[in-house]
Amino acid sequence: MTLISSVSLRRVLDSRGNPTVEADVLTESGGFGRAAAPSGASTGEYEAIELPPSEAIAAARRLAIPRLEGEVHTGDQRAVDTTLRAADGTENFSEIGANSAVAISMAAAKAGADTLGLPLYQHLGGAFRGDNFPIPLGNVIGGGEHAKEATHIQEFLAAPVGAPSVAEAVFANAKVHGRASELLDERDVPAAKGDEGAWAPPISDAEAFEVMEEAVEDVADDLGFEIKFGLDVAASELHSEEGYDFGDEVKSTAEMIAYIAEMVDEYDLAYVEDPLDENDYEGFAELTDEVGDRTLICGDDLFVTNTSRLQDGIDAGAGNSILIKPNQIGSLTDAFDAIELATEHGYDSVISHRSGETEDTTIAHLAVATDAPFIKTGTVQGERTAKLNELIRIADDAV
Ligand SMILES: C=C(OP(=O)(O)O)C(=O)O
Ligand SMILES: [Mg+2]
């Protein structure tokens with residue numbers, strides 16, 4: 001029996017030292033699941049609402065838990081998530097908080113898997129995923145909202161597209177991270193780390209492109225398979241009425257599109273996330289038209305894992321891939337629906353962590369279960385390696 005017998009919530013620490021919501025779900029036959037909500041810094045305007053953890057916990061105890069305990073089966077994830085939505089009663093989880101909702105949703109999935117004696121990725125659909133494994137996009141150099149006095153572009157991401165296995169891809173990204181540190185040293189650039197463990201050096205974006213190019217080439221030569229790189233521009237954070245603020249210059253939308261297109265070709269970029277503001281479907285469409293045949297143009301703040309915003313993007317031809325962050329929308333069911341809609345329309349899904357994370361590994365299972373081509377979950381640091389090491393274990397387990 002996967003009937004939920006109890007749900008308990010508590011505050012735990014995230015990787016930034018802030019409190020976040022953790023949920024424990026127990027089923028009648030003794031299945032157990034535990035999951036914690038991550039938290040963004042460069043959050044999109046249209047994301048579901050994260051409440052202060054104490055408020056989110058109090059509201060979920062009052063409104064959601066009584067509707068779950070003794071009422072809903074964890075073997076029916078859609079029923080769990082529909083119940084959370086009904087208990088909340090808003091479009092954006094502003095009553096119980098997307099942080100309470102996503103923690104309960106993920107913990108229920110784990111409890112369901114445990115009750116049935118399955119690994120989470122299989123419970124979520126991994127038996128049909130084939131031999132593919134998601135390629136990890138690894139944050140190597142960054143700034144934006146994740147580190148002060150560093151690059152304007154938020155993330156420079158290693159993309160080991162030619163790696164023969166997920167383990168080799170994970171180790172390749174770590175090597176690129178190490179090589180980038182040596183190259184920054186050679187340039188006498190001091191580099192602290194940002195929120196996700198990427199180097200946060202006080203260099204221009206142009207220099208970061210050079211360091212990344214050299215680092216991925218060196219490691220690719222060493223390992224003998226192709227490694228490209230990509231970006232999360234997180235452009236909404238740079239954008240105001242004046243345009244896109246890069247410190248020494250402000251770019252117009254047309255200049256931004258031309259700049260990104262030029263970088264795609266100059267550096268053979270595999271991936272570009274949020275190259276333009278979260279309201280600019282038209283700009284996304286124009287850029288996708290220009291370079292979408294040779295790189296991924298991914299919507300994070302643009303789509304916020306939301307099927308209705310994704311449908312608008314599909315209609316407009318904006319982007320060719322979507323970032324999937326379960327806490328942006330508040331439940332696993334909503335995240336699955338976004339992945340399904342994306343797949344139907346030829347959009348690639350990139351399953352993603354947040355800049356504030358915990359040791360929770362749910363997204364590694366979600367990526368494998370849904371056959372997502374990419375997962376973005378950092379390169380080093382415990383809360384990132386928790387997911388990367390879980391991917392290695394899943395790959396081992398699945399053969
Ligand atoms: C992971 C990201 O950062 P945050 O969690 O701060 O939104 C991102 O923007 O893709
Ligand atoms: Mg992003």
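The protein appears in an unreviewed UniProt entry as Enolase from Salinigranum rubrum. Check the Pathway (unreviewed entry) section of the UniProt entry for the protein; it says "Carbohydrate degradation; glycolysis; pyruvate from D-glyceraldehyde 3-phosphate: step 4/5." According to UniProt, the comment filed for the protein under the heading Sequence similarities (unreviewed entry) is "Belongs to the enolase family."

A. Inspection of the coordination of the magnesium ion (ligand 2) at higher detail. For the magnesium ion (ligand 2), the protein coordination sphere consists of Asp232 (OD), Glu273 (OE) and Asp300 (OD), at 2.0 to 2.2 Å. On the primary sequence, the residues serving as donors to the magnesium ion (ligand 2) are separated as D-x40-E-x26-D. With a gap of 27 residues between them, glutamate 273 in strand S12 (residues 271-273) and aspartate 300 in the loop between strand S13 (296-299) and helix H10 (307-316) connect regions that are remote in the sequence. Here aspartate 300 falls in the buried class, since its relative accessible area comes to 1%.

B. Examining the pattern of salt bridges more closely. If you walk through the whole model with that rule in mind, you get 25 salt bridges. The partner of glutamate 22 in a salt bridge is arginine 34, with the nearest N and O atoms 3.7 Å apart. With glutamate 22 in strand S2 (residues 19-27) and arginine 34 in strand S3 (residues 32-36), the pair connects residues that are twelve residues apart, well separated along the chain. Judged by its relative accessible area of 39%, arginine 34 is partly exposed. Between lysine 175 and aspartate 222 there is a salt bridge, and its shortest N-O distance comes to 3.2 Å. Here lysine 175 is found in helix H6 (residues 166-186), whereas its partner aspartate 222 is found in helix H7 (residues 205-223), with 47 residues between them in sequence. Accessibility expressed as a relative area gives 39% for lysine 175, which makes it partly exposed. Look at the salt bridges and you will find they share partners, linking Arg10, Glu22, Asp24 and Arg34 into a network.

C. Summary view of the sheet that holds S2. Spatial ordering of the open sheet is given by S1-S2-S3, a layout of three strands whose pairing is antiparallel. The strands lining the two open edges of the sheet, one partner per strand, are strand S1 (4-13) and S3. Each strand of the sheet is rotated relative to its neighbour by a mean of 15 degrees, with strand direction disregarded. Sheet analysis places S2 next to S3, joined by five bridges and oriented antiparallel. In the sheet register, valine 25 faces S3, and the bridge partner there is glycine 33.

D. Focus on the environment of glycine 142. Tracing the sequence through the fold places glycine 142 in strand S4 (residues 135-142). Considered as a pair, glycine 142 and aspartate 232 are 90 residues apart in the sequence and their alpha carbons are 9.0 Å apart. If we ignore the near neighbours within four places in the chain, the residues touching glycine 142 are Ala147, Ala150, Thr151, Ile153, Gln154, Glu155, Ala198, Trp199, Ala200 and Pro201.

E. Broad picture of the site of ligand 1. Taken together, 16 residues lie near ligand 1, and Ala41, His146, Arg354, Ser355 and Lys376 sit nearest. Between ligand 1 and lysine 325 there is a distance of 3.2 Å, counted from an oxygen atom to a side-chain nitrogen or oxygen. Here ligand 1 loses 100% of its free accessible area of 290 Å² to cover by the protein chains. Grouping the constituent residues of the shell around ligand 1 by class yields two nonpolar, six polar and eight charged.

F. Region of the structure containing the sheet that holds strand S10 (residues 243-245). Strand order in the open sheet formed by three strands is S9-S10-S11, and the pairing between neighbours is antiparallel. The sheet terminates laterally at strand S9 (239-240) and strand S11 (250-251), the two strands that pair on one side only.

G. The arrangement of the packing of aromatic side chains in detail. Within this structure, the stated rule accounts for six aromatic pairs. The interplanar angle of 55 degrees and the centroid separation of 6.2 Å between the aromatic rings of phenylalanine 209 and phenylalanine 229 together place this pair among those described as tilted. One end of the pair, phenylalanine 209, is in helix H7; the other, phenylalanine 229, is in strand S8 (residues 228-232), with 20 residues separating them in the sequence. Taken individually, phenylalanine 209 and phenylalanine 229 each receive the classification buried, so the pair is uniform in this respect. Taken together, Phe156, Phe209, Phe229 and Tyr267 form an aromatic cluster joined through their ring pairs. Just above the ring of tyrosine 46 sits the side chain of arginine 309; from NZ or CZ to the centre is 3.8 Å.

H. How the structure looks around the packing of helix H1 (residues 53-63) against helix H4 (residues 98-116). At a minimum axis separation of 8 Å, H1 and H4 run at an interaxial angle of 60 degrees. Relative to H4, H1 is oriented oblique. H1 and H4 meet at a crossing whose hand is right-handed. On H4, the residues that touch Pro53, Ala56, Ile57 and Ala60 of H1 are Asn99, Ser100 and Ile104.

I. Highlighting H7. The terminal C-alpha atoms of H7, which comprises 19 residues, lie 27 Å apart, in line with the 27 Å expected from a rise of 1.5 Å per residue. Those residues of H7 that are buried lie in contact with S4, strand S5 (155-159), H6, S8 and helix H8 (253-267). Positive backbone phi, at 80 degrees, marks glycine 224, one or two positions downstream of H7.

About the thresholds
Residues numbered from 1 in each chain as written. Chains lettered and ligands numbered in written order. Predicted model: local features only at pLDDT ≥ 70, side-chain atom pairs only at ≥ 80, totals over all residues. Heavy atoms only, no water. UniProt positions renumbered as here; feature names shortened; annotations may be inferred. Donors = N, O, S within 2.8 Å, 3.2 Å for Na, K, Ca; no water. Helix = DSSP H or I, 4+ residues; strand = E, 2+ residues; numbered from the N terminus. Buried < 20%, exposed > 50% of the residue type's maximum accessible area, 1.4 Å probe, protein only. Salt bridge = Lys/Arg side-chain N within 4 Å of Asp/Glu carboxyl O. Pairing = 2+ DSSP bridges. Axes fitted to C-alpha atoms, helices over the stretch in contact; angles between N-to-C directions. Contact = heavy atoms within 4.5 Å. Near = heavy atom within 4 Å. Polar contact = N/O pair within 3.5 Å; in protein donor to acceptor, adjacent residues only side chain to side chain. Areas by Shrake-Rupley, 256 points an atom, 1.4 Å probe, with all protein chains shown as cover. Nonpolar A, V, L, I, M, F, W, Y, C, P; charged D, E, K, R; others polar. Phe/Tyr/Trp six-rings, centres within 6.5 Å; stacked < 30°, edge-to-face > 60°. Lys NZ or Arg CZ within 6 Å of the ring centre and 35° of its normal. Parallel < 35°, antiparallel > 145°, perpendicular 65-115°, else oblique. Left-handed = near helix turned anticlockwise from the far one by under 90°. Expected span 1.5 Å × (residues − 1).

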